[in-house]
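Residue strings, one per chain:
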Amino acid sequence: LIRLPGDCIVAASFMDYLGPFGPEYREEILKGIAAKCTELRIHVSNAPDINRFFTTNAEIRKWVAFGLPPDDASLQNATLTMYSGRW
């Protein structure tokens, strides 16, 4: 529970800013954000899993059963599609 605020910062950054970028760049930026949180003494998980933050294993299995490739990039794109809103 102590890492929740930092994990929320990382997850919100992913949703708000990283959608247009490729998976390698997303990971690089997320690591930088997590490092900045640590620098600011905001507790954050060592390797926050964005897909698991927003979804459940059951939901991911459902997506894969419908034909989504199970790689991280596809799962991140599905997460963005399902949980980000247009304004």
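What you see is a predicted model; the values in this text were computed from it and never measured.

K.L.:
Before we move on, could you go through the pattern of salt bridges and cite the residues and values that matter?
P.N.:
On inspection of all chains with the given rule, the structure shows one salt bridge. Lysine 36 serves as the salt-bridge partner of glutamate 39, at 3.1 Å between the closest nitrogen and oxygen. Residue glutamate 39 and its partner lysine 36 are located together in helix H2 (residues 23-39), separated by three residues, close to a single helical turn. The class of glutamate 39 is exposed, set by a relative accessible area of 56%. Classification of lysine 36 by relative accessible area gives partly exposed; the value is 42%.

K.L.:
Requested: an account of the side chain of asparagine 51, with residues and values cited.
P.N.:
Counting through the fold element by element, asparagine 51 comes out in helix H3 (residues 50-54). Within polar-contact distance, the side chain of asparagine 51 engages the backbone nitrogen of glutamine 76 at 3.3 Å. Those residues in contact with asparagine 51 that lie beyond four places of it in its chain are Ile60, Asp72, Leu75, Gln76 and Thr79.

K.L.:
Break down the side chain of serine 74 for me, with residues and values.
P.N.:
Topologically, serine 74 is positioned in helix H5 (residues 72-83). Look at serine 74 and you get buried, because its relative accessible area is 16%. Within the structure, the side chain of serine 74 is placed 2.9 Å from the side chain of aspartate 71, a separation counted as a polar contact. Sequence-distant contacts of serine 74, defined by excluding residues within four places in its chain, comprise Leu68 and Pro69.

K.L.:
Can you break down the packing of aromatic side chains residue by residue, with the values?
P.N.:
Centre distance and the angle of the planes are the two values used to describe a pair of aromatic rings. Scanning all chains against the criterion turns up three aromatic pairs. Centroid distance phenylalanine 53 to phenylalanine 54: 5.3 Å. Interplanar angle 75°. Geometry classified as edge-to-face. Owing to a relative accessible area of 35%, phenylalanine 53 belongs among the partly exposed residues under this scheme. Put simply, the rings of Phe53, Phe54 and Tyr83 touch in pairs and so form one group of aromatic residues.

Rules of the game
- Residues numbered from 1 in each chain as written.
- Predicted model: local features only at pLDDT ≥ 70, side-chain atom pairs only at ≥ 80, totals over all residues.
- Heavy atoms only, no water.
- Salt bridge = Lys/Arg side-chain N within 4 Å of Asp/Glu carboxyl O.
- Helix = DSSP H or I, 4+ residues; strand = E, 2+ residues; numbered from the N terminus.
- Buried < 20%, exposed > 50% of the residue type's maximum accessible area, 1.4 Å probe, protein only.
- Polar contact = N/O pair within 3.5 Å; in protein donor to acceptor, adjacent residues only side chain to side chain.
- Contact = heavy atoms within 4.5 Å.
- Phe/Tyr/Trp six-rings, centres within 6.5 Å; stacked < 30°, edge-to-face > 60°.

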